[in-house]
Amino acid sequence: MAVVGPVIVKLLLPLILLWLNFNSSLSLTQARKWESWKDRYPFIKAASSFSSSSSSSSNVGSQKANYYDYIIVGGGTAGCPLAATLSQKFSVLLLERGGVPFANVNVSFMQNFHISLADTSPSSASQIFVSTDGVFNSRAKILGGGSCINAGFYSRASSSYIKKAGWDSTLVNESYPWIEKQIVHKPNLAPWQRAVRDGLLEVGISPFNGFTYDHVYGTKFGGTIFDRIGRRKSAAELLASANPEKLHVLVHATVQKIEFDTSGKKPRAVGVIFKDENGNTHKAFLSKRRGSEIIVSSGAIGSPQILMLSGIGPKKELEKLNIPVVLDNKFVGKGMSDNPLNTIFVPTNRPVEQSLIQTVGITKMGVYIEASSGYGQTEDSIHCNHGVVSAEIGQLSTVPPKQRAQEAIEVYKRNKKNVPQEAFRGGFILAKIATPLSTGKISLKSNNIDDIPSVTFNYFSHPCDLKRCVNGIRIMEKLVKSKHFTNYTQCDKETLDKLLNMSVQANINLIPKNTNDTESLEQFCKDTVITIWHYHGGCHVGKVVTSDYKVINVHRLRVIDGSTFTESPGTNPQATLMMMGRYMGVQILRERLGRAAGL
């Protein structure tokens, strides 16, 4: 099988983490900007500052106010633009379980992308979990959500996706630019990205569409939320467009459950219970004004989890955990999907500039081809211990203690020591399945919001997904062999053999490897599958929510985020998630105020 070993980004996280001597390069001006974030966002406060004292005031500036027109659970990629928009006319409480991104160097700068993902400390912006499939994954835990820990690529959904979603195309085409004017940039195309671009065109992924946000077949390079000095502009910065007099943002506010009035024919959302950073419990309530709502925007894992913990979900599952059933809905937590990713690592004959996702090939074969480069640091990164996310510690921590054999630890150490130095200087080519047909589910492990649910994606359970994966590997194989890589890479036979021999044995996931079947591309796909963090589903339209994202058979409750998606929009979903927050904010205001809303 003539395939370069897929030593992927996720694999290299524990292999390349080094302390970058980065703080010394921060200018005084940049440091002052971080210190001044409180001046720009005076409405962001610690959850412990909230007063649960009874008050009917809707003045958000008051510490006693706990009645709001809108309570948004989750300050993520969709939640931030949604809150900013609704605050133009109404009082809004935005509750985010994580902290702020503005003074976090691991979040704010592209150079620290890997450190942010691998940080497992209590204050980390990301939360590592392992699906029951055995694939490592991450969940955002910070104001701004996934836009704070992703690779920054910005690309819109296709026109067919917009039509299928039933969205108003005029408002969509107003909402995307609202995002783009504030936080999106045209990237400086790195040499590796240019090589991939030329290679994609050479192997037939055409036409070349240049720089565009649009989702069109062929090869293009898209936008980025990293500016020219590599500073991230996350969805949290969209809060600068809010009305500071009507928005109250609480960080380190972990919502425990939604409370309902069940005296009527249908349950009616009335408020939320949340925990602050000190472990103290608070309550916030909806205003009794007509049209007030609680909006869950906690992501594809958090939103179905919160619904179930609040009593909305499969009756049998809730009763097993002694959760009082508010509404029996068997579809909550079902239909989960993740876009499988397989990659090829290409060693180069020279140092490469760091680049995250910039170039993409949008094929008609159900697969997207992307690229990144420049993760190599020093030889020490091969041998040093990388803490709790390394395989000898972090990966084994996911295995029951009795199964943590010392032999397994030593095998990993030997394999890591033998990684060829070429693996630390080069770039990656990534193949993502566009619309996976394999689906799974989320199940609660307990009635504690802090326990990540059991998540199953059932990768490649549908044969079409496997076929698309093979198509992607074959495209990457052609790309590596294209003439545009000839003078750029050093994929000689010896190097290829080293990488190939390690590819299936590499500790990139916890899936049992079929090392005797390495000639099968299908098996290779299964053995080396990882995630690109684009999981979605769990609160599908028509099953859990209506077409305007109201929870079915429940009053004053919506879900607005990627949990409602049946497929991930475009090549990378963050643009559409942010657009969705803005779009639905405007829609809700128009419903409540009419077109006179002026937005």
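Residues numbered from 1 in each chain as written. Predicted model: local features only at pLDDT ≥ 70, side-chain atom pairs only at ≥ 80, totals over all residues. Heavy atoms only, no water.

### Considerations on the nonpolar core
Part 1 of the reasoning: Counting 129 residues, the largest nonpolar core has Ile44, Trp167, Leu239, Val272, Phe274 and Leu557 as its most contacted members.
Part 2 of the reasoning: Top contributing element to this core by residue count: helix α18 (residues 574-593), with 10 residues.
Part 3 of the reasoning: Excluding its chain neighbours within four sequence positions, the residues that come into contact with valine 272 are Ile71, Val73, Leu95, Val255, Lys257, Ile258, His282, Lys283, Ala284 and Ile294.
Part 4 of the reasoning: Counting residues in each nonpolar core, the second largest holds 17 residues, with Val107, Ala151, Val360 and Ala434 among its members. (Core = buried A, V, L, I, M, F, W, Y, C linked by side-chain atoms within 4.5 Å. Buried < 20%, exposed > 50% of the residue type's maximum accessible area, 1.4 Å probe, protein only. Helix = DSSP H or I, 4+ residues; strand = E, 2+ residues; numbered from the N terminus. Contact = heavy atoms within 4.5 Å.)

### Description of the pattern of salt bridges
Part 1 of the reasoning: Counted by the stated rule, this structure contains 12 salt bridges.
Part 2 of the reasoning: In this structure, arginine 558 and glutamate 293 form a salt bridge, with 2.9 Å as the shortest nitrogen-oxygen distance. Within this pair, whereas arginine 558 is found in strand β26 (residues 557-559), its partner glutamate 293 is found in strand β15 (residues 293-296), the two being separated by 265 residues in sequence. Here arginine 558 and glutamate 293 have matching classes, each one buried.
Part 3 of the reasoning: Among the charged side chains, a salt-bridge network with shared partners connects Arg40, Arg231 and Glu237. (Salt bridge = Lys/Arg side-chain N within 4 Å of Asp/Glu carboxyl O.)

### Remarks on the state of the cysteines
Part 1 of the reasoning: Counted according to the given criterion, the structure contains 1 disulfide.
Part 2 of the reasoning: The partner cysteine of cysteine 469 in its disulfide is cysteine 525, sulfur to sulfur 2.1 Å. Disulfide cysteine 469 to cysteine 525: torsion about the S-S bond roughly -100°, handedness left-handed. Taken together, the residues span a long stretch of sequence, with cysteine 469 in helix α15 (residues 463-481) and cysteine 525 in helix α17 (residues 521-527) at a distance of 56 residues. Of the two residues examined, cysteine 469 and cysteine 525, each falls in the buried class.
Part 3 of the reasoning: Lacking any disulfide linkage, cysteine 80 is separated from the closest cysteine sulfur, that of cysteine 148, by 7.7 Å. (Disulfide = S-S within 2.5 Å.)

### Some points on unusual backbone geometry
Part 1 of the reasoning: Cis rather than trans, the peptide bond between serine 206 and proline 207 has omega equal to 5°.
Part 2 of the reasoning: If you trace the backbone, proline 207 turns up in the loop between α9 (191-202) and β8 (208-211).
Part 3 of the reasoning: Although it is not a glycine, asparagine 458 sits at a positive phi angle of roughly 55°.
Part 4 of the reasoning: Residue position: asparagine 458 is located in the loop between β24 (454-456) and α15.
Part 5 of the reasoning: Looking at asparagine 458, the relative accessible area reads 31%, which means it is partly exposed.
Part 6 of the reasoning: Located in the positive-phi region is tryptophan 533, a residue other than glycine, with phi close to 70°.
Part 7 of the reasoning: In this structure, tryptophan 533 sits in the loop between β25 (530-531) and β26.
Part 8 of the reasoning: Classification of tryptophan 533 as partly exposed rests on a relative accessible area of 23%.

### Overview of the side chain of lysine 141
Part 1 of the reasoning: Mapped onto the secondary structure, lysine 141 falls in the loop between β6 (136-140) and β7 (153-154).
Part 2 of the reasoning: At 3.1 Å, the side chain of lysine 141 forms a polar contact with the backbone oxygen of proline 122.
Part 3 of the reasoning: Ignoring sequence-local partners within four residues, the contact set of lysine 141 consists of Glu96, Arg97, Gly98, Gly99, Ser121, Pro122, Ser124, Ala125 and Ser126. (Polar contact = N/O pair within 3.5 Å; in protein donor to acceptor, adjacent residues only side chain to side chain.)

### Re the confidence of the model for the protein
Part 1 of the reasoning: For the protein, per-residue confidence averages 83 on the pLDDT scale, and residues scoring 70 or more make up 78% of the total.
Part 2 of the reasoning: In the model, residues 1-34 has pLDDT below 50 throughout and makes 99 contacts with residues more than four positions away in sequence or in other chains.
Part 3 of the reasoning: Confidence drops under pLDDT 50 across residues 53-64; counting only partners more than four residues distant or on other chains, this segment forms 26 contacts. (pLDDT = per-residue confidence, 0-100.)

### With respect to the environment of proline 122
Part 1 of the reasoning: Tracing the backbone through its elements, the reader meets proline 122 in the loop between α6 (113-118) and β5 (126-130).
Part 2 of the reasoning: Exposure remark for proline 122: the relative accessible area of 80% places this residue in the exposed category.
Part 3 of the reasoning: Residues proline 122 and lysine 141 lie 19 residues apart in sequence; the distance between their C-alpha atoms is 9.9 Å.

### A short note on the pairing of strand β12 (residues 254-261)
Two faces make up the sheet, and in a regular strand the side chains alternate between them.
Part 1 of the reasoning: Where β12 meets strand β13 (residues 268-275), 7 bridges bridge the pair, whose relative direction is antiparallel. Along β13, the bridge assignment pairs valine 255 with phenylalanine 274.
Part 2 of the reasoning: Following β12, the chain reverses through 6 residues before pairing antiparallel with β13. (Pairing = 2+ DSSP bridges.)

### What about the pairing of strand β19 (residues 340-347)?
Part 1 of the reasoning: For β19, the tally of buried residues reaches 8 of 8 residues, placing the bulk of the element in the interior.
Part 2 of the reasoning: Burial of β19 is two-sided: the residues Pro340, Asn342, Ile344 and Val346 facing one way and the residues Leu341, Thr343, Phe345 and Pro347 facing the other way are all buried.
Part 3 of the reasoning: The sheet contact formed by β19 and β25 spans 2 bridges and is antiparallel. When the bridges of β25 are listed, proline 340 appears paired with threonine 531.
Part 4 of the reasoning: Both β19 and strand β22 (residues 426-433) contribute to a ladder of 7 bridges, which runs antiparallel.

### Considering the side chain of lysine 220
Part 1 of the reasoning: On the secondary structure map, lysine 220 appears in strand β9 (residues 218-221).
Part 2 of the reasoning: For the buried residue lysine 220, which engages in no salt bridge, the nearest side chain bearing the opposite charge is aspartate 214, 6.9 Å off.
Part 3 of the reasoning: Polar side-chain contacts of lysine 220 include one of 3.2 Å to the backbone oxygen of threonine 212.
Part 4 of the reasoning: Within the structure, lysine 220 has its side chain in polar contact with the backbone oxygen of tyrosine 213 (distance 3.5 Å).
Part 5 of the reasoning: When near neighbours in sequence (up to four residues on either side) are disregarded, lysine 220 contacts Ser155, Phe208, Asn209, Gly210, Thr212, Tyr213, Asp214, His215, Gln358, Thr359, Val360 and Ile362. (Lys, Arg positive; Asp, Glu negative; His and termini not counted.)

### With respect to α9
Structural remark: α-helix, 3.6 residues per turn; residues separated by three or four positions point the same way.
Part 1 of the reasoning: Relative to the 16 Å expected for 12 residues at 1.5 Å per residue, α9 spans 16 Å between its end C-alpha atoms, a close match to the ideal helical length.
Part 2 of the reasoning: All of the buried residues along α9 are Trp192, Gln193, Ala195, Val196, Arg197, Gly199 and Leu200.
Part 3 of the reasoning: Glycine 204 lies just past α9 and shows a positive phi near 105°. (Expected span 1.5 Å × (residues − 1).)

### What to know about the environment of alanine 269
Part 1 of the reasoning: Mapped onto the fold, alanine 269 is located in strand β13.
Part 2 of the reasoning: Take alanine 269: its relative accessible area is 0%, and that puts it in the buried class.
Part 3 of the reasoning: Sequence-distant contacts of alanine 269, that is, excluding residues within four places in its chain, are made with Ile258, Glu259, Phe260, Leu286, Ile294, His555, Arg556 and Leu557.

### Some details on the sheet that holds β26
Part 1 of the reasoning: Strand order in the open sheet made by the 6 strands is β1-β11-β4-β3-β15-β26, with parallel pairing throughout. Sheet topology places β1 (44-46) and β26 at the edges, where each strand pairs with a single neighbour. Taking the axes of each pair of neighbouring strands and ignoring which way they run, one obtains an average angle of 20° across the sheet.
Part 2 of the reasoning: Sitting on the sheet, α18 touches β3 (70-73), β15 and β26, and the angle it makes with β26 is about 155°. (Axes fitted to C-alpha atoms, helices over the stretch in contact; angles between N-to-C directions.)

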